[in-house]
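For reference, the chains in residue letters:
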Amino acid sequence: ALFKPENVEDFYEIEEVLGSGHFGQVRKVYERTSRTHWAGKFLKIRKTACSRLGLDRTSVEREVEILQILHHPNIVALKDVFESRSEVVLILELVSGGELFDFIAEKENLLECEAIEFLKQILEGLKFMHKNNIAHFDLKPENIMLSDKGSPHPNIKLIDFGLAHHFCQGEEYRSTSGTPQYIAPEMISNEPLSTAADMWSIGVITYILLSGLSPFQGETDEETLKNVIATDYQFNKHYFSMTSSMAKDFIMKLLIKNPNERMTAEECLVHPWIKPITRIQVDKRSRSSINMRS
Ligand SMILES: Cc1ccnnc1
């Protein structure tokens, strides 16, 4: 057994459901010894290779391996892993502020300064992941959690590395899984993937944060995928009328069909919309121009 064979309930009390997805369920759990709360991600494991239900063990091992590498304030931490005959339980850092998805739904859309606050943290987490040659491949508001949605400056945590991939030197990787609204064109046409696919998703997420609209969503998944492949979107006149040109420039530099032309996470963090020049720099510029005039 790669993971702890003990029964998770010998160490943790299982409490309410926090979320559920393609993988299984996430429940709040209470660790008796430390008297602290965590999130238990209960993954059903396939008994036989051909059964449709549950995940195959290797994909769970991959998620665990990736989480064991990624230690960063904006990435959910993995504390422990238990396994039984048919289930693997990941003990994860509890992130109790809910999904960014629900936060936007409540507020309709965010002010640019609020969106920038969230994006800076998401991009710091991504920059760290990409530096470790790991791509998330399923970035969407549902997989971005807030530590405490009540606070004026909520901390962001990236979760759900079930589709993530660790690139080995020179090795090619293709996959066509993900969520239609957020997946990059190269994923749909089954081309070799890179960390640039995550940057496309950041472009989609930014568009949604600022407008509440989803740039490529059609009536059906099929229509959405067609819009993505055509890279067919525009800044809706009504919803983007008050949006700064810097914000639109940021989005335009991510929603580019050719993955090599998209900004990287590092480039995003120094884009003028995200990293405006400071007042000192402004004063310095104005002083120097006076020198030229004098
Ligand atoms: C849903 C979830 C996942 C990880 N940590 N806390 C909550």
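The notes below deal with the structure included here. Because the structure is predicted, anything quoted here is derived from the model rather than measured.

What about the overall build of the protein?
For the protein, the count of helices and strands is 9 helices and 9 strands. For 294 residues, the compact-globule formula gives about 19 Å, and the C-alpha radius of gyration of the protein, at 21 Å, lands near that figure. Projecting the C-alpha coordinates of the protein onto the three principal axes gives extents of approximately 80 × 45 × 40 Å. Burial statistics for the protein: of 294 residues in total, 45% are counted as buried. By sequence separation, contacts in the protein at least 24 residues apart represent 61% of the contacts at least 6 residues apart. If you sum the accessible surface of the protein, you get close to 15500 Å²; carbon and sulfur atoms cover 53% of it. Once the 34 positive and 42 negative side-chain charges of the protein are each reduced to a mean point, those two points are 5 Å apart.

Topic: the packing of helix H3 (residues 112-131) against helix H5 (residues 196-211)
Here H3 crosses H5 at 165°, and the two axes come no closer than 11 Å. On the basis of the axis angle, H3 is roughly antiparallel to H5. In terms of crossing hand, the pair formed by H3 and H5 is right-handed. Mapping the contact onto sequence places Glu-112, Ala-115, Leu-119, Ile-122, Leu-123, Leu-126, Met-129 and His-130 in H3 and Asp-198, Met-199, Ile-202, Thr-206, Leu-209 and Leu-210 in H5. Here the contact of H3 with H5 is built from residues that sort into 10 nonpolar, 2 polar and 2 charged.

Remarks on the site of the ligand
Every residue lining the ligand is accounted for by Val-26, Ala-39, Val-76, Glu-93, Leu-94, Val-95 and Met-145. Between the ligand and the protein, one listed contact pairs a nitrogen atom with a backbone N or O atom of Val-95 at 3.1 Å. When isolated, the ligand has an accessible area of 230 Å², and the protein chains bury 92% of it. The residue inventory of the shell around the ligand, partitioned by class, reads 6 nonpolar, no polar and 1 charged.

A closer look at the sheet that holds strand E5 (residues 87-92)
Taken in spatial order, the 5 strands make up an open sheet running E1-E2-E3-E5-E4, and their pairing is antiparallel. Bordering the open sheet on either side are strand E1 (12-20) and strand E4 (78-83), each of which pairs with just one other strand. Direction aside, the axes of adjacent strands within the sheet are offset by 25° on average. Relative to E5, E4 runs antiparallel, the two sharing 5 bridges. Bridge assignment links Asp-80 to a residue of E5, and that residue is Ile-91.

Side note on the side chain of Glu-87
Its place among the elements puts Glu-87 in strand E5. At a separation of 3.1 Å, a polar atom in the side chain of Glu-87 contacts the side chain of Lys-44. Setting aside its immediate chain neighbours within four residues, Glu-87 contacts Phe-42, Leu-43, Lys-44, Ile-45 and Phe-82.

Details of unusual backbone geometry
Of note, the phi angle at Phe-137 is positive, near 65°, even though the residue is not glycine. With respect to the helices, strands and loops of the structure, Phe-137 is situated in the loop between strand E6 (134-135) and strand E7 (144-146). You will see that Asp-160, though not glycine, has its phi angle at about 60°, which is positive. Summarising the element assignment, Asp-160 is placed in the loop between strand E8 (156-158) and strand E9 (165-166). Note on Asp-160: relative accessible area 8%, which makes it buried.

Conventions used here
- Residues numbered from 1 in each chain as written.
- Predicted model: local features only at pLDDT ≥ 70, side-chain atom pairs only at ≥ 80, totals over all residues.
- Heavy atoms only, no water.
- Helix = DSSP H or I, 4+ residues; strand = E, 2+ residues; numbered from the N terminus.
- Rg over C-alpha atoms; globule rule 2.2 N^0.38 Å.
- Buried < 20%, exposed > 50% of the residue type's maximum accessible area, 1.4 Å probe, protein only.
- Contact = heavy atoms within 4.5 Å.
- Areas by Shrake-Rupley, 256 points an atom, 1.4 Å probe, with all protein chains shown as cover.
- Lys, Arg positive; Asp, Glu negative; His and termini not counted.
- Charge placed at Lys NZ, Arg CZ, Asp CG, Glu CD.
- Axes fitted to C-alpha atoms, helices over the stretch in contact; angles between N-to-C directions.
- Parallel < 35°, antiparallel > 145°, perpendicular 65-115°, else oblique.
- Left-handed = near helix turned anticlockwise from the far one by under 90°.
- Nonpolar A, V, L, I, M, F, W, Y, C, P; charged D, E, K, R; others polar.
- Near = heavy atom within 4 Å.
- Polar contact = N/O pair within 3.5 Å; in protein donor to acceptor, adjacent residues only side chain to side chain.
- Pairing = 2+ DSSP bridges.

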